[in-house]
Amino acid sequence: MTKADLRRKYKEMRLQLSPGEIERFSERIVEQALMHFQLSEKTVSLFLPIERQREINTYLLLERAMGIRATVAVPKTDFETMEMHHYLFESTDQLEVSPKGIPEPKKGKVIAADRFDIVFVPLLAVDVKGNRVGYGKGFYDRFLRKCSPGCLFVGLHYFDVESKIDDVFPTDIRLNALVMPARVLRFN
């Protein structure tokens, strides 16, 4: 399937999830992430959920990561420059919801892309090779290119993987791993 087809399919699948399912799946995904990735003393990029898109409740992972002394930064998108900058998360007081529905920091200390050990990446779909489909603006592909070579790119996903994404581009950055409610996949 093409990225456009997959976007439509998975947006519809998310709409079918009840609030209770979203919470249960989110809790399982957080448990899997904490079991499979060492976050203590690491610098972590973590997206916050767009509620109207029924994204995974990453506030659960934020709380747990900070509780084990991870340094967590949250992205802010700039639609004029099409760049994303990350700000050290200190409290929910620094957040505001953007016109796109994204909880983003309005202030804080900027963390450079090459400082991250792990980037948790939002997605709508992913294939067996770790190619992902996001919302189509390329913010994460541009950001991930700036990360250090040892940084892990980890997707968080409610559903299973697709066999293939038909229109993968050379500029698309693949994931190193994918966390789902019942398992974690590592990609070569």
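Numbering of residues begins from 1 in every chain and follows the order in which that chain's sequence is written. pLDDT decides what is reported in this predicted model: residues at 70 or higher carry local features, side-chain atom pairs at 80 or more are listed and counted, and totals for whole chains, interfaces and linings draw on all residues regardless. Computation of side-chain values covers all heavy atoms of the structure but excludes hydrogens and water.

1. Remarks on the pairing of strand β10 (residues 152-156)
A regular strand places its side chains so that they alternate between the two faces of the sheet.
Next up, step 1: To sort residues, take the accessible area from a 1.4 Å probe on protein chains only and compare it with the maximum for the residue type: under 20% means buried, over 50% means exposed, and anything in between is partly exposed. Numbered from the N terminus, helices here are DSSP runs of H or I no shorter than four residues, and strands are runs of E no shorter than two. Summarising burial for β10: four of the five residues are buried, a large majority.
Next up, step 2: As judged from the four bridges shared by strand β7 (residues 118-121) and β10, these two strands associate in the parallel manner. Directly across from I118, in β10, lies its bridge partner L152.
Next up, step 3: Here three bridges tie β10 to strand β11 (residues 177-179), and the two strands are oriented parallel to one another. Within β11, the position partnered with V154 by the bridge is A177. Think of it this way: DSSP has to see at least two bridges between two strands before they count as a pair.

2. What to know about the layout of surface pockets
Next up, step 1: Taken as a whole, the largest pocket holds about 640 Å³ of empty space.
Next up, step 2: Cavities and pockets were defined on a 1 Å grid built from protein atoms only: a cavity is a group of points that admits a 1.4 Å probe but offers it no way out, a pocket is an open group of points flanked by protein on both sides within 12 Å along at least five of seven lines, and a lining residue is one with an atom within 4 Å of any such point. Lining the largest pocket are 32 residues, and of these G134, Y135, G136, K137 and F139 lie nearest its centre.
Next up, step 3: Mapped onto the lining of the largest pocket, the elements with two or more residues apiece are α1 (3-15), β2 (71-78), β5 (103-105), β9 (132-133) and α4 (139-145).
Next up, step 4: Note on residue classes: Ala, Val, Leu, Ile, Met, Phe, Trp, Tyr, Cys and Pro are nonpolar, Asp, Glu, Lys and Arg are charged, and everything else, Gly too, is polar. Of the residues assigned to the lining of the largest pocket, the class counts are 16 nonpolar, five polar and eleven charged. Grid points are joined across faces, edges and corners, and a volume is the space filled by probe spheres set on the points.

3. Focus: the packing of aromatic side chains
Next up, step 1: Any two of the Phe, Tyr and Trp rings considered here, Trp counted by its six-membered ring, make a pair once their centres fall within 6.5 Å; the pair's planes then place it as stacked at under 30 degrees, edge-to-face at over 60, or tilted in between. Tallying each qualifying case throughout the model produces six aromatic pairs.
Next up, step 2: Between F25 and Y158 the ring centres are 6.1 Å apart and the planes differ by 50°, which places this aromatic pair in the tilted class. A residue pair is termed long-range when its members are at least 10 positions apart, and F25 in helix α2 (residues 19-36) and Y158 in the loop between β10 and β11 qualify at 133 residues.
Next up, step 3: Looking at Y158, the relative accessible area reads 7%, which means it is buried.
Next up, step 4: Plain terms: the ring middles of F79 and F139 are 4.9 Å apart, the flat faces sit at 75° to each other, and that makes the pair edge-to-face. Of this pair, F79 sits in the loop between β2 and β3 (83-88) while F139 sits in helix α4, and the two are 60 residues apart along the sequence.
Next up, step 5: Connected via pairs of aromatic rings, a cluster forms that spans Y10, F25, Y158 and F159.
Next up, step 6: Placement of a positive charge over a ring is assigned whenever Lys NZ or Arg CZ falls within 6 Å of the ring centre and within 35 degrees of the normal to the ring plane. It is K100 that lies over the ring of F79; its NZ or CZ is 4.9 Å from the centre.
Next up, step 7: It is R142 that lies over the ring of F139; its NZ or CZ is 5.4 Å from the centre.

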